[in-house]
Amino acid sequence: MAKRKQHQIAKRMIGRYIVADPEICHGQPTFRGTRILVADVMEQVAGGVAWETIVEGWRGDVSPDAISEAVRLASQAFRDHSAQYMAPEYVLQRPRLDHSG
């Protein structure tokens, strides 16, 4: 029988409604008390799904306040780390000037 890791990663409260627990969903952020991935709900928000529809779809296990916290934290993460991201296909090139004539 394998011994448990001596230095296991602890459960982290990311916010009031969001937790990262290595015992749940491989430590990916979930809504507290559920196995609902924050990333899945954020995809719904990004897709334009109404928050009321999201709440209904998850049978009330994700509240509007929890969605609001996820959006706020995502916004904060984007501000803090946006310099790391670059989509080369969307980088604007300066137009080349034609001096021929």
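Quick caveat: nothing in here was measured; it's all calculated off a predicted structure. (Residues numbered from 1 in each chain as written. Predicted model: local features only at pLDDT ≥ 70, side-chain atom pairs only at ≥ 80, totals over all residues. Heavy atoms only, no water.)

K.L.:
Could you give an account of the overall build of the chain, with specific residues and numbers?
P.N.:
Secondary structure summary: the chain contains 3 helices and 3 strands in total. Reading the chain from its N terminus to its C terminus gives the helix and strand order β-β-β-α-α-α. Each of the 101 residues in the chain was classed as buried or not, and the buried ones make up 19%. Across the chain, every contact between residues at least 6 apart in sequence was considered, and the portion connecting residues at least 24 apart equals 25%. (Helix = DSSP H or I, 4+ residues; strand = E, 2+ residues; numbered from the N terminus. Buried < 20%, exposed > 50% of the residue type's maximum accessible area, 1.4 Å probe, protein only. Contact = heavy atoms within 4.5 Å.)

K.L.:
Describe in detail the sheet that holds strand 2 (residues 18-20), supporting the description with residues and values.
P.N.:
Backbone hydrogen bonds are what pair the strands of a sheet, in a parallel or an antiparallel way. On the basis of which strands lie adjacent, the open sheet formed by 3 strands has the order 1-2-3 and antiparallel pairing. Of all the strands in the sheet, just strand 1 (12-13) and strand 3 (30-31) have a single pairing partner and so form its edges. Direction of pairing for strand 1 relative to strand 2: antiparallel, over a ladder of 2 bridges. Note on strand 2: the bridge partner recorded for Met13 is Val19. (Pairing = 2+ DSSP bridges.)

K.L.:
A description of the side chain of Thr30 should follow, citing residues and the corresponding values.
P.N.:
The topology assignment puts Thr30 in strand 3. Take Thr30: its relative accessible area is 1%, and that puts it in the buried class.

K.L.:
With reference to specific residues and values, describe the pattern of salt bridges.
P.N.:
Applying the stated criterion to the full structure yields 1 salt bridge. We note a salt bridge from Arg72 to Glu69, for which the minimum N-O separation is 4.0 Å. With Arg72 and Glu69 both in helix 3 (residues 64-81), this residue pair falls 3 residues apart, about one helical turn. (Salt bridge = Lys/Arg side-chain N within 4 Å of Asp/Glu carboxyl O.)

K.L.:
How would you sum up helix 1 (residues 38-46)? Please name residues and give values.
P.N.:
Regarding helix 1, the residues found buried are Val38, Val41 and Met42. Here the buried residues of helix 1 occupy an arc of 100° about the axis, which is enough to place them on one side. Where helix 1 is buried, its residues meet strand 2, strand 3, helix 2 (51-57) and helix 3. Looking one or two residues past helix 1, Gly48 carries a phi angle of roughly 85°, positive in sign. (Arc of directions from axis to C-beta.)

K.L.:
How would you summarise the environment of Arg16 if you had to cite specific residues and measurements?
P.N.:
By the secondary structure assignment, Arg16 is in the loop between strand 1 and strand 2. Between the C-alpha atom of Arg16 and that of Asp65, which follows or precedes it by 49 residues, the distance is 9.4 Å. Once residues within four sequence positions are removed from consideration, Arg16 is found in contact with Arg32 and Glu69.

K.L.:
So what's going on with the packing of helix 1 against helix 3? Residues and values would help.
P.N.:
Running from N to C, helix 1 and helix 3 cross one another at 90°; their axes reach a closest spacing of 10 Å. Considered as vectors, helix 1 and helix 3 are oriented roughly perpendicular to each other. Contacts between helix 1 and helix 3 involve Val38, Val41, Met42 and Val45 from the former and Ile67, Ala70, Val71 and Ala74 from the latter. Residue composition of the contact of helix 1 with helix 3, grouped by class: 8 nonpolar, no polar and no charged. (Axes fitted to C-alpha atoms, helices over the stretch in contact; angles between N-to-C directions. Parallel < 35°, antiparallel > 145°, perpendicular 65-115°, else oblique. Nonpolar A, V, L, I, M, F, W, Y, C, P; charged D, E, K, R; others polar.)

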